[in-house]
Amino acid sequence: MIDGTIPNIEEEGRAVFDSLIRDNDEYFVLGDYASYVATQTRLGQDYQNKTAWTRKALANIAASGEFSADYTVAEYADEIWNIPHKALAQQESK
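Because the structure is predicted, anything quoted here is derived from the model rather than measured. (Residues numbered from 1 in each chain as written. Predicted model: local features only at pLDDT ≥ 70, side-chain atom pairs only at ≥ 80, totals over all residues. Heavy atoms only, no water.)

Peer 1: For the overall build of the protein, give the residues involved together with the corresponding values.
Peer 2: Along its length, the protein carries 5 helices and 0 strands. Mapped from its N terminus to its C terminus, the protein presents α and β elements in the order α-α-α-α-α. Sorting the 94 residues of the protein into buried and exposed places 7% on the buried side. When the accessible area of the protein is evaluated, it comes to approximately 8600 Å², of which 56% is carbon and sulfur surface. (Helix = DSSP H or I, 4+ residues; strand = E, 2+ residues; numbered from the N terminus. Buried < 20%, exposed > 50% of the residue type's maximum accessible area, 1.4 Å probe, protein only. Areas by Shrake-Rupley, 256 points an atom, 1.4 Å probe, with all protein chains shown as cover.)

Peer 1: Give me the pattern of salt bridges: which residues, what numbers.
Peer 2: By the definition in use, this model includes 3 salt bridges. For the salt bridge of Asp-18 with Arg-14, the shortest nitrogen-to-oxygen distance reads 3.3 Å. A residue pair is termed a helical-turn pair when its members lie 3 or 4 positions apart in one helix, as Asp-18 and Arg-14 do in helix H1 (residues 10-22) at 4 residues. If you follow the salt bridges from partner to partner, you end up with Arg-14, Asp-18 and Arg-22 in one network. (Salt bridge = Lys/Arg side-chain N within 4 Å of Asp/Glu carboxyl O.)

Peer 1: Which residues make up unusual backbone geometry, and what values do they have?
Peer 2: For Asp-25, which is not glycine, the phi torsion reads 45° and is therefore positive. Turning to its location among the elements, Asp-25 is positioned in the loop between H1 and helix H2 (33-48). For Asn-82, which is not glycine, the phi torsion reads 55° and is therefore positive. Along the chain, Asn-82 falls in the loop between helix H4 (69-79) and helix H5 (85-93).

Peer 1: I'd like a description of a nonpolar patch on the surface, backed by residues and values.
Peer 2: On the surface, a nonpolar cluster with roughly 490 Å² of combined accessible area is contributed by Ile-21, Leu-30, Tyr-33, Tyr-36 and Val-37. Top element by residues in the nonpolar patch is H2. It accounts for 3 residues. Looking at where Tyr-33 falls in the secondary structure, it is placed in helix H2. Judged by relative accessible area, which is 48%, Tyr-33 ranks as partly exposed. (Patch = residues over 30% accessible without salt bridge, like charges linked within 9 Å, V, L, I, M, F, W, Y side chains within 5 Å.)

Peer 1: Would you mind going over the side chain of Asp-25 in detail, with residue names and values included?
Peer 2: An unpaired buried charge is present at Asp-25: no salt bridge exists, and Arg-22, the closest side chain of opposite charge, is 14 Å distant. From its side chain, Asp-25 meets the backbone nitrogen of Val-29 in a polar contact 2.8 Å long. Within the local environment of Asp-25, its side chain forms a polar contact with the backbone nitrogen of Leu-30, the two atoms lying 2.9 Å apart. Beyond its immediate stretch of four places on either side in the chain, Asp-25 contacts Ser-19, Leu-20, Leu-30 and Gly-31. (Lys, Arg positive; Asp, Glu negative; His and termini not counted. Polar contact = N/O pair within 3.5 Å; in protein donor to acceptor, adjacent residues only side chain to side chain. Contact = heavy atoms within 4.5 Å.)

Peer 1: Report on helix H3 (residues 50-62), specifying residues and quantitative values.
Peer 2: Every α-helical turn comprises 3.6 residues, leaving residues that sit three or four positions apart pointing alike. Taking 1.5 Å as the rise per residue, H3 with 13 residues should run 18 Å; its terminal C-alpha atoms sit 18 Å apart, in good agreement. Burial runs low along H3: only 1 of the 13 residues are buried. The N-cap residue of H3 is Asn-49: its side-chain oxygen and the backbone nitrogen of Thr-51 are 3.1 Å apart. (Expected span 1.5 Å × (residues − 1).)

By themselves, these are just geometric observations and shouldn't be taken as functional.
Here it is in structure tokens:
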């Protein structure tokens, strides 16, 4: 990051290096780095095996649960804005 291995990132590389080494690694990035590298290695191996990759991708999708913008807006309306979300739906249908 700071030795020139990656060209044209001197300023950005120094900022990242300083945040990790000089500024106490506020988000503990280095503590998880070995695990991250090991996981990326396994991920790369899985990606080479299309069957394994597809199986894991589908399992991940199936386990992700429901998400929709409507649900999120309704939750914000109820819990943050204190507007019953049914009122929003009625307004939209007009």
